[in-house]
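Coordinates in review
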Amino acid sequence: MTALPEDLDPPLPREALAVARGITRLFARNDIWCLGEMPLRNGRRADLMGIDARGQVIIVEIKVSRADLLGDAKWPDYLDHCDRFFWGLAAHLDRAVMETEAFRPETTGLIVADGYDAEILRPAPLIPLAAARRKVEVERLARASLRRQTIAADTRTASWGRDG
C-alpha cells in the first residue's frame, strides 16, 4: 500500500471535519468550491481554501476548541493568500472573543457550522489580492485538486509530482 502524500495527511479531528463539511455544503450552495488542508507557499496549511464564481480566493480557518482558537497566533499568515478570510467555528464555541481586536473583525468573516450545515454570521470583507498573486493561488489550488483526484483514482501516483 502506498502512503498518502503529505498534503493529504494528517486528517482533521472528527469535529473539525464535521465543521468543514457544514461549511463546504454552505459554500457549494453558493457556488464556492473548496479543498481541505491546502498547503500554502509560506509553509502554512489552510483548513479550507476555495474559489468563488468570480475567481476570488477564500480561506477558512476552522476552530473547534477555545484553547485552539485563543492559542492560534499564526492565522494572519493566511491573509496574504486570499481575497476573503473566514473563521469557521463549531456551534458550541463562545463567539464573543471573535469581536475583539486580536481577531480583526473588520477584516475577517465568521461562520458557525456543524456536520450538516453552516451559517455566515459576519461576511468576510473583500481585500483583493494582487492579480499576479491571485493567479498563482488559483493555479496552485487547481493543481492540488487535480492531483488529489488523480491519486484517489490511482494511489500509485501519490509519490509523483508536488502541489508546489
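Structure's up top.
The text that follows walks through the structure, step by step, so that each part is easy to find. (Residues numbered from 1 in each chain as written. Predicted model: local features only at pLDDT ≥ 70, side-chain atom pairs only at ≥ 80, totals over all residues. Heavy atoms only, no water.)

**A few points about the environment of Glu 106**
Here is the rule: The way it works is that DSSP assigns letters per residue, a run of H or I at least four long becomes a helix, a run of E at least two long becomes a strand, and they are numbered from the N terminus. What makes two residues a contact is simply this: any of their non-hydrogen atoms within 4.5 Å.
On the secondary structure map, Glu 106 appears in the loop between β4 (84-90) and β5 (109-113). Sequence separation between Glu 106 and Asp 154 is 48 residues, and the spatial gap between their C-alpha atoms is 44 Å. Discounting residues that sit within four places of it in the chain, Glu 106 has contacts with Glu 101 and Pro 125.

**Re unusual backbone geometry**
Non-glycine residue Asp 31 carries a positive phi angle of around 60°. One non-glycine residue with positive phi stands out, namely Arg 104, at about 45°. Residue placement: Arg 104 occurs in the loop between β4 and β5.

**Regarding the sheet that holds β4**
Definition in use: One bridge is not enough; two strands pair if DSSP finds at least two bridges between them. The convention used is that axes are lines fitted to C-alpha atoms, helices contributing only their stretch in contact, and that angles between N-to-C directions extend from 0 to 180 degrees.
Taking strand neighbours across the sheet as the criterion, the six strands line up as β1-β2-β3-β4-β5-β6 in an open arrangement whose pairing is mixed. Either end of the sheet is taken by a strand with one partner, and the two such strands are β1 (33-39) and β6 (118-122). Recorded for the sheet is a direction-independent mean angle of 30° between the axes of neighbouring strands. Alignment of strand β3 (residues 57-63) against β4, held across six bridges, turns out to be parallel. Its bridge partner being in β4, Ile 62 is matched across the sheet by Gly 88. Its contacts with the sheet place helix α1 (residues 14-29) against β1, β2 (45-51), β3, β4, β5 and β6, and it is angled at close to 150° to β3. Relative to β1, helix α3 (residues 131-153) is tilted by about 90°, and along the sheet it contacts β1, β2 and β3.

**Observations concerning the pairing of β1**
When β1 meets β2, the two strands line up antiparallel, connected through six bridges. Note on β2: the bridge partner recorded for Gly 36 is Leu 48.

**Section: the packing of aromatic side chains**
We count it as follows: Only Phe, Tyr and Trp rings are paired, with Trp represented by its six-membered ring, and only when their centres lie within 6.5 Å; those with planes under 30 degrees apart are stacked, over 60 edge-to-face, the remainder tilted. The buried label applies to any residue whose accessible area, calculated with a 1.4 Å probe on protein chains only, is under 20% of its type's maximum; exposed applies above 50%, and partly exposed to all values in between.
Going through the model one piece at a time under the given rule, you end up with six aromatic pairs. Centroid distance Trp 75 to Trp 87: 5.0 Å. Interplanar angle 65°. Geometry classified as edge-to-face. Taken together, the residues Trp 75 in the loop between α2 (66-71) and β4 and Trp 87 in strand β4 connect sequence positions twelve residues apart. Among the residues examined, Trp 75 registers a relative accessible area of 3% and is labelled buried. Judged by its relative accessible area of 0%, Trp 87 is buried. Arranged with centres 5.4 Å apart and planes meeting at 90°, the rings of Phe 85 and Trp 87 form a pair that is edge-to-face.

**With respect to the pattern of salt bridges**
The condition that has to hold: Salt bridges are identified by distance alone: a Lys or Arg side-chain nitrogen within 4 Å of an Asp or Glu carboxyl oxygen.
Per the stated rule, a full pass over the model turns up twelve salt bridges. Between Arg 122 and Glu 99 there is a salt bridge, with its nearest N and O atoms 2.7 Å apart. Taken together, the residues span a long stretch of sequence, with Arg 122 in strand β6 and Glu 99 in the loop between β4 and β5 at a distance of 23 residues. Residue Glu 137 is joined to Arg 140 by a salt bridge in which the shortest nitrogen-to-oxygen separation is 3.5 Å. Taken together, the residues Glu 137 and Arg 140, both in helix α3 and three residues apart, mark about one turn of the helix. You'll find Glu 137 and Arg 140 in the same group, each marked buried. Among the charged side chains, a network of salt bridges with common partners joins Glu 61, Lys 63, Asp 68, Asp 72 and Lys 74.

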